[in-house]
Amino acid sequence: MNYQHVEILLVEDSKADAEMTLRTLKRRGIANNIDWVTDGVEALEYLFREGRHSERETGHPKLVLLDIKMPRLDGLQVLERMKRDDRTKNIPVVMMTSSREEGDLLASYQLGVNSFVVKPVDFDEFAETVAQVGMYWMIANESLV
Amino acid sequence: MAALAVVGWAAPASVALMPGPMLAPAPAALFALAALSLWMLGRSQYRAGPTRASHGWIGRGAAGLIVFAGALLFLSHFAFLQTTGTGGWRLPVGLLHEAMAPNIAKNFILLGLALLLADTTTRRGRRPSSFFTVAVLLIALLALLGRAYGITEVVDGAIFMPVSTAGAFFLLALGTLCARPAQGVMEVVTSDGPGGATARTLFPATALLLLVLGWLRLEGERRGLYSADLGVTLYTFAFMTIFGALIWWSARLLHAMEARRAASEAERKRFFAVSPDLLYIAGSDGFLKSLNPAWETLLGFTTADLLAGPYLDLVHPDDRASTEAALRQVDTGVTQLSYENRCRCADGGYRWFSWRATAVHNERLIYGGARDITDKKEADSRILSLNAELAENARQLQQSNRELEAFSYTISHDLRAPLRHIDGYARMLQEDGAGQLAPELTRYISAISDSARHMGALIDDLLAFSRLGRRAVEPVRIDTAELVRRALQEAGGGQPVEAKVSIGGLPDAYADPVLFRQVWVNLLSNALKYSAPRGAEATIEISGEHEAGVTRYRIRDNGVGFDMRYADKLFGVFQRLHSQDEFAGTGVGLAIVQRALLRHGGGITAQSQSGEGATFTIEIPAEAVAQ
């Protein structure tokens, strides 16, 4: 396996949230190669090797952590695009979001999200959640990619 | 009626069976034809379709032949009397002349016409056939009477006719009358009312009586019992008496009928007058002919005014077209009309009426009534406007709810993120600066974390509280024991529960599952929290029962309890009876519980002794009513 191969794509517009997530994933040794994009548009460019990321090497992330509320293109729209395209529909997507409003939950599952996680306010809980999610999807789960 | 039908059959039959020698050949032939015709026509009315038609044609054909033959024979007499004419004609004419007497020929013409026209109706609804038949009947009758009284004189050749011929004519005429029993002359005779009864009684009775009287007089005179003058006197006297009696009897009958008719008329007039609805008779010319007093009462015009102009003048201009259209339906054969319109009142206003009418075509009249539905129309329009208002209110409410949804969505999302960051960075600071920071500084950082977390909890609880108010209550049957077990797990936060929890037999509840679960989670988490200081000695008892349409549950813990003096603050939002340091909490948990129970139509009460635990009792109706 190529060690440079990207393992996780983090799609998160909040710098603070991203910093906390990245720190936890690295500290707990769950993943080392994590790419971070700050909005949905860039996320799609990344996945389909267009625009800013047309030079990206071949291969797909093993997991996509997707925030819902983002400017321009939000998480649900990115999810929909991913699940519609044969190239990306098998990549596990975990929705990470601040709220568990029912509308978001329903919409995400209808679009075929693999998992839906609410980011806790408490940092310890947050770190624990991220670790568990990462651990599960990176290590325990068998994915196609 | 049945008897007459029998006569209708019997007549031609008996004629047909009459021995041949009794009749001369020509009359016999024509009688046979007449019998056939009568028989065919008589039967035709009991058949349908092609049989009916064919019988009718045969009958009429035969009748036509009779008329033709009769005419020939009749005219032959005139021809014979004239001396002109070619030799070739004289022989056949002579034969014809011998065949039948002119009066008999005349009678056959009449009989033939009667049969021919049996089913004809003139434009004014009269039936000429019966008149011919009656004529035949009378002529035959005269001949028979003459025979009965032994007269042999010839009066204009009118009386002289063999008995058999006269009898045959009489029977055939009767038969013809009976062939169409409900028409023409027979209509009155066969009717059910007093008229028919009178005719049926008097005709035979009078005929018989007069026959006897006449015979008495003649015989008396012939036998010399009394002179001709006395005979006439007696005859006239008897006549007067009998006629007097008959007239008196008829008059009395008519008088009784008239009384009944007047009573029935009075009855009708009473209904007409007393009805609160409008009643009327209108002509097809658009004018009202007869009105009941309700018109004056409801509309305020005098009857004279109302009869003066056409009905449409009263109708509201906007409704005139539809009213006219409804009335015009009469022309297409519709007999029942029903429509609504507004009519003008004397005070200038309009009232709504619902009209029902029946058109009687023969009389070219419309009989009808109308009900004042102004009140109903007003009520209807009020209902409509109330409904519109209601719909508008509902729409606004929905709008409000949508706004609230958006609002809480924002809170939920956007307020939490910064809190997470505050706590996150605070903790990261602590983690990374573990060795370098003085314990006091670490403590400050912890305080930041705690506050952020507390605020997060407040936001969560507030959102829950608000959602509670907006959610629809959808009650179902719930297995409370099962729900409590699951709620206990959630209340314990996934950690094994130290306290000893005993769950008694719990009755099923009829409640909204989401709300009810929230109630139990909050109550149990409180019980756990406030009895935690007891450690392994902590006990929580849960029990419940049904009673008089109410389902009741009790949660008792042996925790720290609370001061009953402040019990009324227990359920207030953000109200607490313990400090944050003693026990963490937002002060919204019990407020949520109470609100949820209230929305089911239930409630909650609490009992406690400081230091000895608390008991919370919740009640909901056995069949929950959502509020």
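Scroll up to find the structure.
The sections below set out a description of the structure shown in this document.

What counts, and where the lines are drawn
- Residues numbered from 1 in each chain as written.
- Chains lettered and ligands numbered in written order.
- Predicted model: local features only at pLDDT ≥ 70, side-chain atom pairs only at ≥ 80, totals over all residues.
- Heavy atoms only, no water.
- Helix = DSSP H or I, 4+ residues; strand = E, 2+ residues; numbered from the N terminus.
- Areas by Shrake-Rupley, 256 points an atom, 1.4 Å probe, with all protein chains shown as cover.
- Patch = residues over 30% accessible without salt bridge, like charges linked within 9 Å, V, L, I, M, F, W, Y side chains within 5 Å.
- Salt bridge = Lys/Arg side-chain N within 4 Å of Asp/Glu carboxyl O.
- Buried < 20%, exposed > 50% of the residue type's maximum accessible area, 1.4 Å probe, protein only.
- Expected span 1.5 Å × (residues − 1).
- Arc of directions from axis to C-beta.
- Contact = heavy atoms within 4.5 Å.
- Pairing = 2+ DSSP bridges.
- Axes fitted to C-alpha atoms, helices over the stretch in contact; angles between N-to-C directions.
- Bend = angle between axes of the 7 residues up to and from the residue.
- Parallel < 35°, antiparallel > 145°, perpendicular 65-115°, else oblique.
- Left-handed = near helix turned anticlockwise from the far one by under 90°.
- Nonpolar A, V, L, I, M, F, W, Y, C, P; charged D, E, K, R; others polar.

## Looking at the overall build of chain B
Assigned secondary structure in chain B consists of 18 helices and 12 strands. Total accessible area on chain B stands at roughly 35200 Å², and carbon and sulfur atoms take up 62% of it.

## Examining a nonpolar patch on the surface
All names here are of chain B. A cluster of nonpolar side chains, Leu-208, Leu-211, Val-212, Trp-215 and Leu-216, forms an exposed patch at the surface whose accessible area comes to about 470 Å². Along the chain, the position of Leu-208 falls in helix α9 (residues 194-222). Residue class for Leu-208 comes out exposed when judged on its relative accessible area of 57%.

## Looking at helix α16 (residues 480-491) of chain B
Note that an α-helix has 3.6 residues per turn; residues three or four places apart therefore point the same way. Residue and element names in this part refer to chain B. The end-to-end C-alpha separation of α16 is 16 Å, in line with the 16 Å expected for 12 residues at 1.5 Å each. All buried positions along α16 are accounted for by Thr-480, Ala-481, Leu-483, Val-484, Ala-487, Leu-488 and Ala-491. Projection of α16 onto a plane perpendicular to its axis shows the buried side chains occupying an angular sector of 155°, all on one side. Buried residues in α16 make contact with β6 (476-478), β7 (500-503), β8 (509-511), α17 (513-531), β9 (539-547) and β10 (550-557).

## Overview of the sheet that holds strand β4 (residues 93-97) of chain A
All names here are of chain A. Within the open sheet, the five strands sit side by side as β2-β1-β3-β4-β5. Their pairing is parallel. Each edge of the open sheet is held by one strand with a lone partner, namely β2 (34-37) and β5 (115-118). Each strand of the sheet is rotated relative to its neighbour by a mean of 20°, with strand direction disregarded. Looking at chain direction, β4 and β5 are connected through four bridges and run parallel. Pairing of Val-94 across the sheet is with Ser-115, part of β5. Helix α2 (residues 40-47) rests against β1 (8-11) and β2 of the sheet, and its axis sits at about 135° to β2.

## Section: helix α14 (residues 374-432) of chain B
For α14(B), spanning 59 residues, the distance from its first C-alpha to its last is 86 Å, which sits close to the expected 87 Å at 1.5 Å a residue. Along its length, α14(B) shows its largest kink, about 25°, at Arg416(B), and proline Pro418(B) lies within four residues downstream of that point.

## Focus on the environment of Pro418(B)
Residue and element names in this part refer to chain B. Relative to the helices and strands, Pro-418 resides in helix α14. A relative accessible area of 40% means that Pro-418 is categorised as partly exposed. In the structure, Pro-418 is positioned 34 residues away from Ala-452 in sequence and 9.0 Å away in space, judged by C-alpha atoms.

## Section: the packing of helix α1 (residues 15-27) of chain A against α14(B)
Where α1(A) contacts α14(B), the axes come no closer than 10 Å and their chain directions differ by 40°. Classified by the angle their axes make, α1(A) and α14(B) are oblique. The two elements α1(A) and α14(B) cross, and the hand of that crossing is left-handed. Facing Lys15(A), Ala16(A), Asp17(A), Glu19(A), Met20(A), Arg23(A) and Arg27(A) of α1(A), the residues of α14(B) in contact are Arg420(B), His421(B), Gly424(B), Tyr425(B), Met428(B), Glu431(B) and Asp432(B). Residues of the contact of α1(A) with α14(B), tallied by class, amount to four nonpolar, two polar and eight charged.

## Some remarks on the packing of helix α6 (residues 129-148) of chain B against helix α7 (residues 163-179) of chain B
Residue and element names in this part refer to chain B. Orientation of α6 relative to α7, taken along the N-to-C sense of each, is 150°, at an axis distance of 8 Å. Here α6 is positioned roughly antiparallel relative to α7, judged by the angle of their axes. Pair α6 / α7 crosses with left-handed handedness. Along the contact surface, α6 presents Ser-130, Thr-133, Val-136, Leu-137, Ala-140, Leu-141, Ala-143, Leu-144 and Arg-147, while α7 presents Val-163, Ala-166, Gly-167, Phe-169, Phe-170, Ala-173, Leu-174, Thr-176 and Leu-177.

## So, the sheet that holds strand β5 (residues 365-372) of chain B
Residues and elements named next belong to chain B. With antiparallel pairing, the five strands of this open sheet are ordered in space as β2-β1-β5-β4-β3. Whereas interior strands pair on both sides, the edge strands pair on one side only; in this sheet they are β2 (288-291) and β3 (336-344). Along the sheet, successive strands turn relative to each other by an average axial angle of 30°, direction set aside. Summarising the sheet, strand β1 (residues 278-283) and β5 pair through six bridges and their orientation is antiparallel. When the sheet's bridge partners are listed, Tyr-280 is paired in β5 with Gly-368.

## Focus on the pattern of salt bridges
Residues and elements named next belong to chain B. In total, this model carries 40 salt bridges over all chains according to the counting rule given. Here Arg-268 makes a salt bridge to Glu-265, at a shortest N to O gap of 3.1 Å. Here Glu-265 and Arg-268 lie together in helix α10 (residues 228-274), a separation of three residues that amounts to about one turn. According to the relative accessible area criterion, Arg-268 is partly exposed, its value standing at 43%. Glu-265 is the salt-bridge partner of Lys-269, the closest N and O atoms lying 3.2 Å from each other. Here Lys-269 and its partner Glu-265 are both found in helix α10, four residues apart, which amounts to about one turn of the helix. By relative accessible area, which is 49% here, Lys-269 ends up partly exposed. In this structure Glu-265 comes out as partly exposed when scored by relative accessible area, which is 25%.

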